[in-house]
Amino acid sequence: MSGILTATGIRKSFGDRDVLKGVDVTLGAHEVVALIGASGSGKSTLLRCLGLLEPIDDGQIFLGDEDISDPRVDGNRVRARLGAVFQSFNLFPHLSVLDNVTLASRVVHRMPRRDAEARAAELLARVGLADKAKDHPDRLSGGQQQRVAIARAIATDPEVLLLDEITSALDPELVGEVLELVRDLASEGATILMATHEMAFARDVADRVVFLDAGTIVEQGPPSSVLRHPQEARTRAFLARFT
Ligand code: ADP
Ligand code: MG
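Quick caveat: nothing in here was measured; it's all calculated off a predicted structure. (Residues numbered from 1 in each chain as written. Chains lettered and ligands numbered in written order. Predicted model: local features only at pLDDT ≥ 70, side-chain atom pairs only at ≥ 80, totals over all residues.)

**Q** Could you clarify how one ought to interpret the site of ligand 1 in this entry?
**A** Around ligand 1, a shell composed of Phe14, Val19, Gly37, Ser39, Gly40, Ser41, Gly42, Lys43, Ser44 and Thr45 is seen. Examining the composition of the shell around ligand 1, we find that three residues originate from one element, helix H1 (residues 43-50), more than from any other. Across the shell around ligand 1, the residue classes tally to two nonpolar, seven polar and one charged. (Near = placed C-beta within 6 Å. Helix = DSSP H or I, 4+ residues; strand = E, 2+ residues; numbered from the N terminus. Nonpolar A, V, L, I, M, F, W, Y, C, P; charged D, E, K, R; others polar.)

**Q** What should I look at first to understand the pairing of strand E3 (residues 32-36) in this one?
**A** Among the five residues that make up E3, five are buried, leaving the element largely enclosed by the rest of the structure. Of the two faces of E3, the one lined by Val32, Ala34 and Ile36 and the one lined by Val33 and Leu35 are each fully buried. Where E3 lies against strand E9 (residues 208-213), four bridges are found, and the strand directions are parallel. By the bridge assignment for E9, Val33 is matched with Arg208. (Buried ≥ 20, exposed ≤ 12 C-beta atoms within 10 Å, placed from the backbone. Pairing = 2+ DSSP bridges.)

**Q** Please clarify how the nonpolar core should be interpreted in this entry.
**A** Soluble globular proteins tend to pack their nonpolar side chains together in the buried interior. Leu35 and Ile192 are the most contacted members of the largest nonpolar core, which has 72 residues in total. Setting aside chain neighbours within four positions, we find Ile192 in contact with Val32, Val33, Leu161, Leu163, Leu185 and Ala186. (Core = buried A, V, L, I, M, F, W, Y, C linked by C-beta atoms within 7 Å. Contact = placed C-beta atoms within 7 Å.)

**Q** Can you help me understand the sheet that holds strand E10 (residues 216-221) in this one?
**A** Spatial strand order, E6-E7-E8-E3-E9-E10: six strands in an open sheet with mixed pairing. Every other strand in the sheet has two partners, leaving strand E6 (82-85) and E10 as the edge strands with one partner each. Adjacent strand axes in the sheet meet at a mean angle of 15 degrees, parallel and antiparallel pairs treated alike. Relative to strand E7 (residues 160-164), E6 runs parallel, the two sharing four bridges. Looking at E7, one finds that Gly83 is bridged to Leu161. (Axes fitted to C-alpha atoms, helices over the stretch in contact; angles between N-to-C directions.)

**Q** In this structure, what is going on with the packing of helix H3 (residues 97-107) against helix H4 (residues 113-126)? I would like to understand it.
**A** Close contact between H3 and H4 brings their axes to 9 Å; oriented N to C, the two are set at 125 degrees. Taken together, the axes of H3 and H4 are oblique relative to one another. The way H3 lies across H4 gives a crossing that is right-handed. Of the residues in H4, those in contact with Val97, Leu98, Val101, Thr102, Ser105 and Arg106 of H3 are Arg113, Ala116, Glu117, Arg119, Ala120, Leu123 and Leu124. When its residues are assigned to classes, the contact of H3 with H4 shows seven nonpolar, two polar and four charged. (Parallel < 35°, antiparallel > 145°, perpendicular 65-115°, else oblique. Left-handed = near helix turned anticlockwise from the far one by under 90°.)

**Q** Before we go on, may I ask you to explain unusual backbone geometry in this structure?
**A** Glycine aside, residues mostly have negative phi angles, and peptide bonds mostly take the trans form. In the Ramachandran plot, Glu165 falls in the positive-phi region, its phi being about 45 degrees despite a non-glycine side chain. Along the chain, Glu165 falls in the loop between E7 and helix H6 (172-187). One non-glycine residue, Ala214, lies in positive phi territory at about 50 degrees. Tracing the chain through its elements places Ala214 in the loop between E9 and E10. Ala214 sits in the partly exposed class, given 15 other C-beta atoms within 10 Å.

Next up, the structure:
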């Protein structure tokens with residue numbers, strides 16, 4: 001299967017700890033894939049490797065037709081084609097919300113400030129935060145900060161969004177507003193790989209669920225199969241925790 005993002009045989013160790021043991025994963029255009037698995041199974045490491053935020057030890061990663069795992073590749077240029085959002089919001093605390101959203105467009109993509117700000121204002125309206133543009137992140141709730149982080153990630157029209165447990169650090173009452181935004185992006189055709197523990201969300205929004213256990217993909221398929229009729233004992237044991 002050819003995909004917008006295709007990784008094969010990804011291996012990654014930290015010291016003598018083998019964290020990814022030969023992972024194959026593909027994301028088709030407009031596909032939404034939920035990456036599930038216990039804490040420590042390697043979800044974040046996989047996302048970081050795919051996003052070129054962590055060097056891989058073995059394997060290949062293609063973004064479109066380009067082998068982005070080739071060591072000669074300009075990582076900054078590739079990272080500019082991807083959007084990443086993490087569990088901790090990682091906004092720049094000394095910058096306004098508007099400047100957080102425009103920074104990459106201005107610095108990496110060299111967009112003129114006026115154009116970047118016009119686009120950022122649109123995006124902030126899109127995530128329901130038009131009135132917060134001038135505020136600093138610490139004035140915002142966790143859910144609002146995470147919506148800014150998403151606006152920042154999509155400001156450069158990334159080909160793929162890599163979302164790493166973006167609701168895990170939020171108070172329960174703020175989770176919904178962030179998931180709602182991801183749901184909208186998905187319905188508008190974004191290509192998304194999302195590590196999550198929100199099984200109901202994965203069931204409703206993901207096209208495919210990938211279950212990672214101890215650095216290996218144990219099972220994957222449509223949510224209706226993997227979440228409701230898991231074939232593998234390890235998948236069943238993992239899902240039993242959520243019922
Ligand atoms: P998950 O996101 O599924 O919880 P992680 O990818 O964060 O899993 O971690 C998988 C394993 O890799 C864990 O045992 C973790 O301690 C280890 N690990 C992750 N990042 C590093 C690192 N930078 N250095 C050493 N070990 C790491
Ligand atoms: Mg993680």
